[in-house]
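# A structural walkthrough
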Amino acid sequence: MKFATKAIHAGVEPDPSTGAIMTPIFQTSTFAQPAVGQNKGFEYARSSNPTRQALEKSFAALENAKHGFAFSSGMAATDTIMKLLKPNDEVICGQDIYGGSYRLFVKVYEEIGIKFHFIDMQNEEIVKNTINSNSKMIWIETPSNPLLQIVDIEKIIKIAKENNLISVVDNTFATPYLQNPITMGADIAMHSATKYLGGHSDVVMGALMLNNDELAEKIYFIQKSCGAVPSPFDCFLMLRGIKTLPLRVDASCKNAIKIADFLVSHEKVENVYYAGLTTHKGHNIAQKQMRQFGGMISFDLKQDTQANAYKFLENINVFALAESLGGVESLACYPAMMTHASIPIEKRHEIGITDSLVRLSIGCEDVDDLIEDLEQALMKITFQKI
Ligand SMILES: *Cc1c(COP(=O)(O)O)cnc(C)c1O
């Protein structure tokens, strides 16, 4: 099946007892068993639930993977992956990753003896030089957050395979519609389904997709044992959101290109980070591994102060000032104090998260209204004479 058909149909069958075309919300914690040791495929809802099962099949299909798993959040999905490791194991990951992933790695997993190397994953030599006999995993996030850097997935996966490392791709920003890490050879694709997969800013959820049976068995064991599973109602909302994923992502990408061009030509804007711009460092790699360039844009201001960014954010009207991304509504956020507040200031500056950096999640509104909103908010900033 082609992508749009899978988004609508994969995993979903009319309910056998009633013919209901939508998968019912099986709001039950347990399932009656006719005799000890006999059941209809379901025993207890932490282990499995029919609404979640339909969703997990859909997740798998979207990434062309054999196995799909749903979790109560993206972080719970990431936490599950980290539980595959043991003390003294080492992980190589980008320095420009989701702030919550950084916090989980440093504040939880480094405490129990797992080591993380935060490096520039755009540079293969640095990746190779970081590998040692304790290395177990490579964690790729591309496009990255908030600077929209592009990592060459195939090149990094090749290095991972040569060194027997588990390769994981956080594919949240790209979505399975634009980029398929499993098809490129990654062991695990991870998603914060909270974002584009759900698409309506009404569910928090995580997803893992993979082909390897042995790894899938371990992940199922952790999912069932640790219990970070989503509710049947949230699974229903997710199934519903996924049906329009290609329509929503197409609309966001179309808007984002126009908005990136607008920002590039704006007198108050310094840098625009969007892989669709030919001036972007990762443009050619993005063109190779993504079908479109996504709906996320970051930019900073010619006069790089927090006050100027705040002025802009106080004056936006159609864009809402909020964390998160990937919904039909456009959002703006200030990474330094919001999504990336857990990264120390020196580190933030070092990697390019400047004091005026703003991140936009471009939604599906009429692009003229979005541009008009950005323009009027930018005009409210008055640069100070230095
Ligand atoms: C939001 C996000 C996460 C965390 O997912 P939650 O659903 O918020 O727990 C992980 N990675 C990326 C890239 C994200 O944007």
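Above: the structure in question.
A brief structural summary. (Residues numbered from 1 in each chain as written. Predicted model: local features only at pLDDT ≥ 70, side-chain atom pairs only at ≥ 80, totals over all residues. Heavy atoms only, no water.)

### Description of the pairing of strand S4 (residues 135-141)
Going by this rule: The rule is simple: take the accessible area with a 1.4 Å probe, protein chains only, and divide by the maximum for that residue type; under 20% is buried, over 50% is exposed, in between is partly exposed. Going along the chain from the N terminus, every DSSP run of H or I of four or more residues is numbered as a helix, and every run of E of two or more is numbered as a strand. Whether two strands pair comes down to DSSP finding at least two bridges between them. When the strands point away from the viewer and the connection leading from the first strand across the helix to the second strand turns clockwise, the crossover is called right-handed.
The buried fraction of S4 is high, at six of seven residues. Inspection of the sheet shows strand S2 (residues 90-94) paired to S4 by four bridges, in the parallel sense. Note on S4: the bridge partner recorded for Glu-90 is Ser-135. Summarising the sheet, S4 and strand S5 (residues 166-170) pair through five bridges and their orientation is parallel. Each bridged residue has a counterpart across the sheet, and for Ile-138 the counterpart in S5 is Ser-167. Crossover handedness for the path S4 to helix H6 (residues 153-162) to S5: right-handed.

### Here's the deal with the environment of Ala-4
Among the secondary structure elements, Ala-4 is positioned in helix H1 (residues 3-9). Judged by its relative accessible area of 42%, Ala-4 falls in the partly exposed class.

### Brief notes about the state of the cysteines
What counts, and what does not: Note on disulfides: each one is a pair of cysteine sulfur atoms within 2.5 Å.
Within the structure shown, the criterion is met by zero disulfides. Not part of a disulfide, Cys-226 finds its nearest cysteine sulfur in Cys-235, a span of 18 Å. Among the cysteines around Cys-333, which has no disulfide bond, Cys-364 carries the closest sulfur, lying 18 Å off. Owing to a relative accessible area of 1%, Cys-333 belongs among the buried residues under this scheme.

### Some details on the site of the ligand
Let me state the cut-off plainly: Nearness of a residue to a molecule or strand requires only that one of the residue's heavy atoms be within 4 Å of it. Polar contact is the term for a pair of N or O atoms within 3.5 Å; when the atoms are in protein, one must be able to donate a hydrogen and the other to accept it, and sequence-neighboring residues count only if both atoms are side-chain atoms. Residue burial considers only the protein chains on display, and all accessible areas are found by Shrake-Rupley using a 1.4 Å probe. The classification used treats Ala, Val, Leu, Ile, Met, Phe, Trp, Tyr, Cys and Pro as nonpolar, Asp, Glu, Lys and Arg as charged, and all other residues, Gly among them, as polar.
Neighbouring residues of the ligand: 14 residues in total, closest Gly-74, Asp-170, Ser-192, Thr-194 and Lys-195. Between the ligand and Gly-74 there is a distance of 2.8 Å, counted from an oxygen atom to a backbone nitrogen or oxygen. With respect to the ligand, the backbone of Met-75 contributes an N or O atom lying 2.9 Å from an oxygen atom. Summarising the interface, the protein chains cover 93% of the accessible area of the ligand, which totals 380 Å² for the free molecule. Of the residues assigned to the shell around the ligand, the class counts are six nonpolar, five polar and three charged.

### Brief notes about the pattern of salt bridges
The test is simple: The rule for a salt bridge is simple: a side-chain nitrogen of Lys or Arg has to be within 4 Å of a carboxyl oxygen of Asp or Glu.
Applying the stated rule across the entire model yields 10 salt bridges. Across the pair Glu-162 and Lys-158 runs a salt bridge whose closest N-O atoms are separated by 3.3 Å. Taken as a pair, Glu-162 and Lys-158 lie in helix H6 at a separation of four residues, close to a single helical turn. When sorted by exposure, Glu-162 lands in the same class as Lys-158, which is exposed. Between Lys-347 and Glu-350 there is a salt bridge whose closest N-O contact spans 3.8 Å. Taken together, the residues Lys-347 and Glu-350, both in helix H13 (residues 345-351) and three residues apart, mark about one turn of the helix.

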